[in-house]
Amino acid sequence: MPRVLACQSHVVHGYVGNKAATFPLQCVGWDVDCVNSVQFSNHTGYGMDKVFGSKADAHQLTQVFEGVMRLKDDYNALLSGYMPNRNTLACMARFYKEIKRHNPNLLWLLDPVMGDEGQLYVDEDVIPEYQDIIHSGLVDIITPNQFEMELLYGKPIVNISDLYSAIQEIHQFVPVIVITSCSASLFDDPTHIYSVSSLRGSPQPYVYRVSVIESYFTGVGDMFSAMLLHQLYYMFESKNISLFHEKTNVVLNVIHRVLEITKRLSANVKGSIGDPVTMREMELRVIESIDCYECNSIDKDFSFKYDWTLCS
Amino acid sequence: MVSGKKVLSIQSHVVHGYVGNKAATFPLQCKGWDVDALNTVQFSNHPAYGFLSGFKSRSEDLERIIQDGLLSGLKIHYDAVLTGYLPDTQGLKKIGALLVKLCNDDPSLKWILDPVLGDNGKLYVPEDTVDIYKQILKDGSVYLATPNQFELEVLTGTVIADLNSLKNALNKFHVLYPKVRYLVVTSVNWPSSADDDSFVSACTDFTEYWYFNIPKINAHFSGSGDLFSAIIMDLLLSSETVELPLALNSALSLVDGVLRRTYDLTSKPAQSDDTPFKINDLKIIQCKDLFRSYPVPNFVAHKL
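Residues numbered from 1 in each chain as written. Chains lettered and ligands numbered in written order. Predicted model: local features only at pLDDT ≥ 70, side-chain atom pairs only at ≥ 80, totals over all residues. Heavy atoms only, no water.

We now examine the environment of His13(A). With respect to the secondary-structure elements, His13(A) resides in the loop between strand S1 (3-11) and helix H1 (17-27). The exposure class assigned to His13(A) is buried, which follows from its relative accessible area of 6%. Along the sequence, His13(A) and His43(A) sit 30 residues apart, while their C-alpha atoms lie 8.1 Å from each other. If we skip the residues at most four places from it in the chain, His13(A) touches Lys19(A), Ser41(A), Asn42(A), Tyr46(A), Arg280(A), Glu283(A), Lys6(B), Asp36(B), Leu70(B), Leu74(B) and Ile76(B). Here the side chain of His13(A) touches Asp36(B) through a polar contact of 2.8 Å, side chain to side chain. (Helix = DSSP H or I, 4+ residues; strand = E, 2+ residues; numbered from the N terminus. Buried < 20%, exposed > 50% of the residue type's maximum accessible area, 1.4 Å probe, protein only. Contact = heavy atoms within 4.5 Å. Polar contact = N/O pair within 3.5 Å; in protein donor to acceptor, adjacent residues only side chain to side chain.)

This is how it looks when you write it as structure tokens:
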């Protein structure tokens, strides 16, 4: 039975951060040890005036991690997501690096949660800290969106050539890069969300295309990272890295099924930010989707043929 | 699968292992519950390891999350509230008062209360916690209380030494705390008992009394009580027509199944004398199939 240490946010109600990652991972057989970077009543999409609770400070997190280190657990994987500020991010990174150095075989998936579509939702000094973590060469998988990829790369990505260069640059440090969503202008198609995945050493990145669902879902990225970690852990275990493209597609299928169930059960309410009643309806139906996580099939092929020869 | 039932579970959080909210959440989620887990502490692990480190949540935070966030802000209607370990007496007092009011105002909200005080003759909370729990049980419309033997003794001021004194304690509980609807005492042992291979579990709706003899497993488990209160909550609330002894029987059987599988999957110490050994971590994840199927009641109910 594989074991993962996961450090991200905790919300009492709803499914983002550790709440979106834990149950799906447990359902596919992972022991999930959760360090909670915050405890909030709910996610911030309900409106900032409706969020109660507090962030753990670096001292508190250090105490928790020191206890975890004493247990000398043999983790198979590390998962990290939203950390609210530079101090807590640096604290997590210090312990994760130590664990990874002690056991280089374990897989570290880092979701560099910083913002989306040009808007930063963490402190600015978090950016160089994430760059440092990436440059350590200890992270195996990152799952930024395009904006976060730009922040890690340090330069804007305005066309596919830039994207290609950014991927090649970051590949010097990180073997697996999955850009979970690119801006609509990049592929000149506002009706779809494009994701790009790349495994260092593969001939070219893969592109995936998913229809835009016009609503406000949160936690999708957190669940995606968790399920990607699960699929890639077993891919690396089997030493069959030629399955990379297929496995990414499998994860997109899992997420697609969960969103279908969520949409069906929410009676087509469209979530709007700041309105608690509709926001509650749009919470991912993580529990009702219990049978989705083990699914390894590709019912819908999301892969999109793209000719990269113009870039390289 | 029961769909859409919501519980607010107020217990401890450990990063590693399965006690408190970590023991309750996954089993309840497998049974279809939306579990809103409010963590009273965040520790690396539970105390039976001999060390732990972490921090307690501030009671003002817990109070505001419940009152301003979940209830006033999000207007969530819960089917149940499950409460366990609360480390801070002031916090227990405040959150206790808040839940007392909530449950008295809304009879459809079921409060499952585990009065965590101690075990095996020893208190592991500050002494004034006892009086706070007594007050909560006096004032609040608690649906089910799940003390262990020691906690029942402390709350009733009695000593349980045989079936007669057990019944007496259950009766006394009702006299002191008449608003509590059901009472389950999870494990009772008496030293003079002829049959030392089993323990007793009892329940009452205060008109009838039942008990079960459950074969012991030769180990000490952490988190089994937290798992039990979650499971019996599900069994009591998943149908309109509750039969308390049947729910207890099924809950005991399911927990027994989890403990036996945990025992089988845990490597045993090399020397095999008969002293029970300590098992730190329930194998909660490996028991997913048990949580997803309806438990078969394995034991025999006796009238007390």
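After that view, the rundown keeps rolling.
With that settled, consider the packing of aromatic side chains. Tallied over the full model, the rule gives 19 aromatic pairs over all chains. Between Tyr206(A) and Phe244(A), the aromatic rings sit 6.3 Å apart at their centres with planes inclined by 50 degrees, giving tilted as the arrangement. With Tyr206(A) in strand S11 (residues 206-211) and Phe244(A) in helix H8 (residues 244-265), this pair connects stretches of sequence that are 38 residues apart. What makes Phe244(A) buried here is its relative accessible area of 1%. Measuring from centroid to centroid gives 5.2 Å for Tyr306(A) and Trp308(A), while their planes differ by 75 degrees, and the two rings are edge-to-face. For Trp308(A), a relative accessible area of 2% translates into the label buried. Taking the ring centre of Tyr18(B) as reference, the NZ or CZ of Lys22(B) above it sits at 5.0 Å. Over the ring of Tyr263(B) we find Lys268(B); its NZ or CZ atom is 4.4 Å from the centre of that ring. (Phe/Tyr/Trp six-rings, centres within 6.5 Å; stacked < 30°, edge-to-face > 60°. Lys NZ or Arg CZ within 6 Å of the ring centre and 35° of its normal.)

Let us now look at the sheet that holds strand S10 (residues 192-199) of chain A. Two orientations exist for strands paired in a sheet by backbone hydrogen bonds: parallel and antiparallel. All names here are of chain A. As summarised here, the arrangement of the 10 strands in space is S3-S2-S1-S4-S5-S8-S9-S10-S11-S12, forming an open sheet in which the pairing is mixed. For this open sheet the edge positions go to strand S3 (53-55) and strand S12 (303-304), each flanked by a neighbour on one side alone. Of the pairings in the sheet, the one linking strand S2 (residues 31-40) to S3 comprises three bridges and is antiparallel in character. What sits directly across from valine 38, in S3, is lysine 55. Across the sheet, helix H2 (residues 58-70) touches S1, S2 and S3, and the angle it forms with S2 is around 170 degrees. Sheet strands touched by H8: strand S9 (176-179), S10, S11 and S12. Its angle to S11, the strand with the most contacts, is close to 15 degrees. (Pairing = 2+ DSSP bridges. Axes fitted to C-alpha atoms, helices over the stretch in contact; angles between N-to-C directions.)

With that settled, consider the pattern of salt bridges. For the structure on display, the rule yields 19 salt bridges over all chains. A salt bridge links Lys100(A) to Asp140(A); the shortest N-O distance between them is 2.8 Å. Of the two residues, Lys100(A) sits in helix H3 (residues 86-102) while Asp140(A) sits in the loop between helix H4 (126-135) and strand S8 (141-142), which places them 40 residues apart along the sequence. The buried category is assigned to Asp140(A), whose relative accessible area is 14%. Arg260(B) is the partner of Asp256(B) in a salt bridge, and the nearest nitrogen-oxygen pair spans 3.0 Å. (Salt bridge = Lys/Arg side-chain N within 4 Å of Asp/Glu carboxyl O.)

This paragraph deals with the sheet that holds strand S5 (residues 110-113) of chain B. Residue and element names in this part refer to chain B. Spatially, 10 strands are ordered S3-S2-S1-S4-S5-S8-S9-S10-S11-S14 in an open sheet, and the strand pairing comes out mixed. Since the sheet does not close on itself, it has two edges, and those belong to strand S3 (54-56) and strand S14 (302-303), each with one partner. Bridge analysis of S5 against strand S8 (residues 144-145) gives two bridges, and the strand direction is parallel. In the sheet register, leucine 113 faces S8, and the bridge partner there is alanine 145.

So, on to helix H5 (residues 146-153) of chain A. All names here are of chain A. Judged by how many residues are buried, H5 sits mostly within the fold: eight of eight residues are covered. Along H5, the residues classified as buried are Gln146, Phe147, Glu148, Met149, Glu150, Leu151, Leu152 and Tyr153. Contact partners of the buried residues in H5: strand S6 (115-116), strand S7 (119-120), H4, S8, helix H6 (160-171) and S9. Capping the start of H5 is the job of one residue whose side-chain oxygen sits 3.2 Å from the backbone nitrogen of phenylalanine 147: asparagine 145. Within two residues after H5, glycine 154 carries a phi angle of roughly 85 degrees, on the positive side.

What follows is about empty space enclosed by the protein. Left-over empty space is what a probe sized like a water molecule reveals as it rolls over the atoms. Under the counting rule described, the total for this entry stands at three cavities of 30 Å³ or more. The volume enclosed by the largest cavity comes to roughly 250 Å³. Lining the largest cavity are 17 residues, with His10(A), Lys19(A), Thr22(A), Lys22(B) and Thr25(B) positioned closest to its centre. Grouping the amino acids of the lining of the largest cavity by side-chain chemistry returns five nonpolar, 10 polar and two charged. When its volume is computed, the second largest cavity comes out at roughly 50 Å³. Surrounding the second largest cavity, Thr83(B), Leu86(B), Leu92(B), Ile95(B), Gly96(B), Leu99(B), Trp111(B), Leu113(B), Tyr133(B) and Ile136(B) form its lining. Those elements giving two or more residues to the lining of the second largest cavity turn out to be helix H3 (89-105), S5 and helix H4 (128-139) of chain B. Among the elements that line the lining of the second largest cavity, the one with the most residues is H3(B), at four residues. Residue composition of the lining of the second largest cavity, grouped by class: eight nonpolar, two polar and no charged. (1 Å grid on protein atoms, 1.4 Å probe; cavity = no way out; pocket = protein on both sides within 12 Å on 5 of 7 lines; lining within 4 Å. Points joined across faces, edges and corners; volume = space filled by probe spheres on them. Nonpolar A, V, L, I, M, F, W, Y, C, P; charged D, E, K, R; others polar.)

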